[in-house]
Amino acid sequence: MAAPSSTYRLQFGPHLSLTGAAPVADYLAALGVGALYSSPLLACAPGSTHGYDLVDPARTDADRGGDDARRDLADRLRRAGLGFVVDVVCNHMGIADPPANPWWWGVLRDGRDSPYAGFFDIDWAAGPLLIPVLADDGDGGAAALADLAVDGDELRYYEHRYPLAPGTGGGAPGQVHQRQHYRLVSWRRGMAELTYRRFFNIDTLAGLRTEDPRVFAAVHAEVLRWVREGQATGLRIDHPDGLADPGGYLRRLRAAAPGAWIVVEKVTAVGEPLPASWPVDGTTGYDALREVCGVFVDPGGRDLFEARQRASAAEVDAACRRQIALTLLPMEVGRVAGLIGALLPGEPAPRCHDAALELLTAFPVYRSYLPEHRWALDRAVATARGRRPDLAPILAAVAARMTAEPTGELAVRIQQTTGPIMAKGVEDTAFYRYHRLVSLNEVGGDLERFAVPPGELHAANTARQATWPHTMTTLSTHDTKRSEDVRARLAVLSEVPGQFLAAMDGWEARCPLGYPELAPLAWQTLVGAWPIEPERLSGFLFKAAREARQHTDWTDPDPDLERAVTGWPQRLAAHAEVAADVARFVDRIRDAGWSNSLGQKLLQLAGPGVPDVYQGTELWDWSLVDPDNRRPVDFAARRELLDKLDSGWRPDVDDTGAAKLLVVATVLRLRRDRPELWPGYAPVYAEGPAAGHLVGFARGPRRDVVAVATRLPVGLSAAGGWADTVLPLPYGTGEWTDLISGEPVDTDPPRVAELLRRYPVALLVRGKH
């Protein structure tokens, strides 16, 4: 199966079932999409809004429509000429509702004798399986044990149900509880005492041993059946970094699905290559997100924004990783420390723990894949040794064992732990704490970097075309903290940093958030998503305050602070003067934000790789972090606008977002209908006084497609516009047509002012159209 020309991500759940998606298939075909790209479809926890809490990999989730609806949708997609890419959860399972998960239920009932005992990553030598579910009023959950009840062959704690081992049901509930293969304990004990591997710090997602061929077969049997029967054409693999052997897993998967398009959710650091041995088509595209969006950020704004920070990016990064390791992931750190102690029995336990902490928080990337990515381990050891020279002998011994035994337990556990520390420490803490220009704080971003020069984008695109030409690229996902259009508007602030910061100071003085450290994030979010309903902004700020983990968090909330923060949007709405001032400021940067939105969308869609469009973002989308970005999409309205475009309408760039739909449909259809135009990549450069404000490239063996976009539009306008800047087109003279405006290009070389007269972007194709 060939890679799709593009994908369109749909989030199945309460707002969209498989049956409800059937009519959407025809719209996607009309839009030019190559494949529907779905969120997970296998049975997940009852009421799940996302599907990543898998409970039964043998069947399609009933709440999403069941197997008949899935098969009907696959057939409809096939008839419409679309592929079907399915999201696969391979690292963990949902265990919040034990009766819903037959594997976990069996483990709780039968312990080590369960046929599923080896499916989960459980430390059976540590004693009974700890289930952190009891209320804790400071007594360690002791009082909550009185609320246990026996009901037939089940132990109940309020709505929670657990199986009883055969023959253990006689006596008081407390006595029955003590006879089980598990112990219900205080919810607080989950951080430090769990005896099973979990996904990040989420106790209700238990890690799977997918490296075991039996587990692999059981987890993937149904999805691979879909592939064999042509009902799935591609697979998106969720979080392979959590596995003991990601490379081995992917080789087994490729052998089982040799013709499928396979991409992995792998977050790479800046400059980090995907392991060359992985038999996949690429990643889910966060690297492209950083590169494309960064081109529209003005490097000149960096100093003023950074002057407001109380600590450097490196200091915030290090502090947040350490905080996460010690407070959210102490069990994982302790397990590694124990392995170091076993390796070096003469070393005191505190020093082994310190060595584990320093090494785990020092990795420059999510993880290494020994023997591949050895450089990442070497750099982590050097960083840790620099912080604690006294630990150098321990660190050297650990590194030596890891490289000598790359599949040994020490290497595996360290590599499985560095990713959660990076994700929770940087993405989910530092990104909510370091408020320079928050549009940069996205998955795959780097706090120490600001703008992306066009040359860096061209180098990345050239490498992408040469090495991973079928990798996915993206601008918005279900995991991004703000949509692509919010980020595009925020990028304008980098061109007017002094104006924005002065305005923000005045707004904060008149309508304070009540949480000074979070105020820059709040005001930037308000400007980026304006106009936004108070309840949506309140939900975002509640999550942001807890994720920042400074004065409140998920385990020890500060109710007074949270009331102040979540009440701020309503206070702002009632403060007519400040609200009007914000509206006026947004109005001044609105057009520049639209220009950035169109520009980054064109560069993503026309660039190397397989571009993904996240649901609804073919129009302006002002969504924030989940669950805000999983709101229902009005596909009927989009189809109506698309039909209007097909009648020949060329919309203005305005609030409707129809201009963005025009860009999306134009590129997607050309990619689908003219696949021969897309191999190859070469930068194109304007010449003249405003040349630095144009970024673009040519595609195709003869460079028959040219995509160009305006960058830094505020500076362009301040300098007087394009003047006599021209764009020399590749391979000399010839007829060209801009498919977006529908107009021919009459001069050679064309003047950029004329070329971009109607829209701030152009998609030129050689010949008449």
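The text that follows walks through the structure, step by step, so that each part is easy to find. Everything quoted here is computed from the prediction, not taken from an experiment.

## A short note on the nonpolar core
In step 1: In this structure, Leu31, Trp104, Phe120, Leu184, Trp523 and Trp568 are the most contacted members of the largest nonpolar core, which totals 191 residues.
In step 2: The leading source of residues in this core is helix α22 (residues 576–606), at 13 residues.
In step 3: Apart from the residues within four sequence positions on either side, Phe120 is in contact with Met93, Trp103, Trp104, Val107, Ala206, Gly207, Leu208 and Arg209.
In step 4: Among the nonpolar cores identified, the runner-up in size contains 36 residues, and Ala355, Ala356, Val398 and Met402 belong to it.

## Things to note about the pattern of salt bridges
In step 1: As enumerated under the stated definition, the model contains 78 salt bridges in all.
In step 2: Residues Asp281 and Arg254 are paired through a salt bridge, measuring 3.3 Å at the closest nitrogen-oxygen approach. Taken together, the positions of Asp281 in the loop between β15 (261–264) and β16 (282–283) and Arg254 in helix α7 (residues 246–256) put the pair 27 residues apart, joining distant regions of the chain. Exposure class is identical for Asp281 and Arg254. Each is buried.
In step 3: With a shortest N-O distance of 4.0 Å, Arg387 and Glu358 are connected by a salt bridge. With a gap of 29 residues between them, Arg387 in helix α13 (residues 374–387) and Glu358 in helix α12 (residues 349–360) connect regions that are remote in the sequence.
In step 4: Judged by relative accessible area, which is 37%, Arg387 ranks as partly exposed.

## Structural notes on the packing of helix α14 (residues 392–404) against helix α15 (residues 409–427)
In step 1: Orientation of α14 relative to α15, taken along the N-to-C sense of each, is 105 degrees, at an axis distance of 8 Å. By the angle between their axes, α14 is roughly perpendicular relative to α15. Residues Val398, Arg401 and Met402 of α14 form the contact with α15, whose own contacting residues are Leu410, Ala411, Ile414 and Gln415.
In step 2: Partitioned by chemical class, the residues of the contact of α14 with α15 number five nonpolar, one polar and one charged.

## Notes on helix α23 (residues 635–646)
In step 1: Between the first and last C-alpha of α23 there are 16 Å, a value that for 12 residues agrees with the 16 Å anticipated at 1.5 Å per step.
In step 2: The complete set of buried residues in α23 reads Phe635, Arg638, Leu641, Leu642 and Leu645. Looking down the long axis of α23, one finds its buried residues gathered within 125 degrees of arc, a one-sided arrangement. Turned more than 90 degrees away from the buried face of α23 sit Ala636 and Glu640, all of them exposed.
In step 3: Buried residues along α23 sit against β1 (7–10), α1 (18–31) and α24 (658–673).
In step 4: Where α23 terminates, the next one or two residues include Gly648, which has phi positive at roughly 110 degrees.

## Structural notes on the environment of Ala404
In step 1: Here Ala404 lies in helix α14.
In step 2: The class for Ala404 is exposed, based on a relative accessible area of 60%.

## Concerning the packing of aromatic side chains
In step 1: Inspection of the entire model under this criterion finds 21 aromatic pairs.
In step 2: With a centroid separation of 5.8 Å and 40 degrees between ring planes, the pair formed by Tyr162 and Tyr182 is classed as tilted. Linking Tyr162 in strand β10 (residues 160–163) with Tyr182 in strand β11 (residues 182–186), this pair joins segments that are 20 residues apart in sequence.
In step 3: Take Tyr162: its relative accessible area is 2%, and that puts it in the buried class.
In step 4: For Tyr182, a relative accessible area of 0% translates into the label buried.
In step 5: Pairing Trp523 with Trp568 gives two aromatic rings, centres 4.7 Å apart and planes at 85 degrees, and the pair type is edge-to-face. Pair noted here: Trp523 is in helix α19 (residues 519–529) and Trp568 is in helix α21 (residues 559–574), with a separation of 45 residues, a long-range link. Neither Trp523 nor Trp568 differs from the other in exposure class; each is buried.
In step 6: Directly above the ring of Tyr37 sits Arg9, whose terminal nitrogen or CZ lies 4.7 Å from the centroid.
In step 7: The ring of Phe216 carries the charged tip of Arg252 above its face, separated from the ring centre by 5.6 Å.

## As for the sheet that holds strand β23 (residues 743–745)
Backbone-to-backbone hydrogen bonds pair the strands of a sheet. The strands run either parallel or antiparallel.
In step 1: The strand order β19-β20-β21-β24-β22-β23 describes an open sheet built from six strands, whose pairing is antiparallel. The open sheet has two edge strands with one neighbour each: β19 (682–684) and β23. The mean inter-strand angle of the sheet, taken between neighbouring strand axes irrespective of direction, is 25 degrees.
In step 2: The sheet contacts of helix α16 (residues 454–467) involve β19 and β20 (694–699), and relative to β20 the element is tilted by about 20 degrees.

## Quick word on the pairing of strand β18 (residues 610–614)
A regular strand carries its side chains on alternate faces of the sheet.
In step 1: With respect to burial, β18 is a largely interior element, five of its five residues being buried.
In step 2: Here β18 shows no split at all, with Val610, Asp612 and Tyr614 on one side and Pro611 and Val613 on the other all buried.
In step 3: Taken together, the three bridges between β1 and β18 define a ladder with parallel strand orientation. From the neighbouring strand, Arg9 faces β18, where its bridge partner is Tyr614.

## Description of the pairing of strand β13 (residues 202–207)
In step 1: Strand direction decides the pairing type here: strand β6 (residues 92–94) and β13, joined by three bridges, are antiparallel. By the bridge assignment for β13, Met93 is matched with Ala206.
In step 2: The hairpin formed by strand β12 (residues 198–199) and β13 contains two residues between the paired strands, and Phe200 there has a positive phi angle of roughly 50 degrees.

## Description of unusual backbone geometry
In step 1: At the junction of Leu370 and Pro371, the peptide bond is cis and its omega measures out at 10 degrees in the coordinates.
In step 2: Looking at where Pro371 falls in the secondary structure, it is placed in the loop between α12 and α13.
In step 3: A cis geometry characterises the amide bond from Trp530 onward to Pro531, with omega recorded as -5 degrees.
In step 4: For Pro531, the position within the fold is in the loop between α19 and α20 (534–548).
In step 5: In this structure, Tyr158 is a non-glycine residue whose phi angle is positive, near 55 degrees.
In step 6: Judged by relative accessible area, which is 54%, Tyr158 ranks as exposed.
In step 7: In this model, His373 sits at a positive phi of 60 degrees, which is unusual for a non-glycine residue.
In step 8: Structurally, the position occupied by His373 is in the loop between α12 and α13.

## Here's the deal with the sheet that holds β6
In step 1: The strand order across the open sheet built from three strands is β6-β13-β12, with neighbouring strands paired in antiparallel fashion. Both edges of this open sheet fall to β6 and β12, since each of them pairs with a single strand only.
In step 2: In the sheet, β12 pairs with β13 via two bridges, with the strands oriented antiparallel. Along β13, the bridge assignment pairs Phe199 with Ile202.

## Some points on the packing of helix α17 (residues 484–493) against α19
In step 1: Two elements in contact, α17 and α19, have axes separated by 8 Å at closest approach and are oriented at 115 degrees. Seen along the crossing, α17 lies across α19 with a hand that is right-handed. On α19, the residues touching Val486, Arg489, Leu490 and Leu493 of α17 are Gln524, Val527, Gly528 and Ala529.

## Let's talk about helix α2 (residues 66–79)
In step 1: Across its 14 residues, α2 extends 20 Å between first and last C-alpha, which sits within 8% of the 20 Å expected from 1.5 Å per residue.
In step 2: Along α2, the residues that are buried comprise Gly66, Ala69, Arg70, Leu73, Ala74 and Leu77. Angularly, the buried residues of α2 cover 140 degrees about the axis, an arc narrow enough to put them on a single face. Exposed residues pointing more than 90 degrees away from the buried face of α2 are listed as Asp68 and Arg79.
In step 3: Close packing links the buried residues of α2 with α1, β2 (35–38), β4 (54–60), β5 (83–89) and α6 (213–228).
In step 4: One or two steps after α2, the chain reaches Gly81, where phi turns positive at roughly 85 degrees.

The rules behind each value
- Each chain has its residues counted from 1, running along the sequence as written.
- At least 70 in pLDDT is required for a residue's local features to be given in this predicted model, at least 80 for side-chain atom pairs to be given and counted, and no such filter applies to totals for whole chains, interfaces and linings, which use all residues.
- Only hydrogens and water are set aside when side-chain values are computed; all heavy atoms of the structure are taken into account.
- Here, nonpolar core means buried Ala, Val, Leu, Ile, Met, Phe, Trp, Tyr and Cys residues that are tied together by side-chain atoms lying within 4.5 Å of each other.
- Each residue's exposure class comes from its accessible area (1.4 Å probe, protein chains only) as a fraction of the maximum for that residue type: buried when under 20%, exposed when over 50%, partly exposed otherwise.
- The numbering of helices and of strands both runs from the N terminus, where a helix is a DSSP run of H or I of at least 4 residues and a strand a run of E of at least 2.
- Throughout, a residue-residue contact means that at least one pair of heavy atoms, one from each residue, lies within 4.5 Å.
- Think of a salt bridge as a Lys or Arg side-chain nitrogen and an Asp or Glu carboxyl oxygen that are within 4 Å of each other.
- Fitted lines through C-alpha atoms serve as axes, helices being fitted only where they are in contact, and the angles separating the N-to-C directions of these axes extend from 0 to 180 degrees.
- Any angle that is under 35 degrees is reported as roughly parallel, and any over 145 degrees as roughly antiparallel; angles of 65 to 115 degrees are reported as roughly perpendicular and all others as oblique.
- Classes in brief: Ala, Val, Leu, Ile, Met, Phe, Trp, Tyr, Cys and Pro nonpolar; Asp, Glu, Lys and Arg charged; the others, Gly included, polar.
- Take the number of residues in a helix, subtract one, and multiply by 1.5 Å to get its expected span.
- The arc in question is formed by the directions pointing from the helix axis toward the C-beta atoms.
- We call Phe, Tyr and Trp rings a pair once their centres come within 6.5 Å, taking the six-membered ring for Trp, and we label the pair stacked below 30 degrees between planes, edge-to-face above 60, and tilted otherwise.
- Charges are assigned to positions over rings by a cutoff of 6 Å between ring centre and Lys NZ or Arg CZ, combined with an angular limit of 35 degrees from the ring normal.
- Paired strands are those between which DSSP finds at least two bridges.
- By convention the crossing between two helices is left-handed if the near helix lies anticlockwise of the far one by an angle smaller than a right angle, and right-handed if it lies clockwise.

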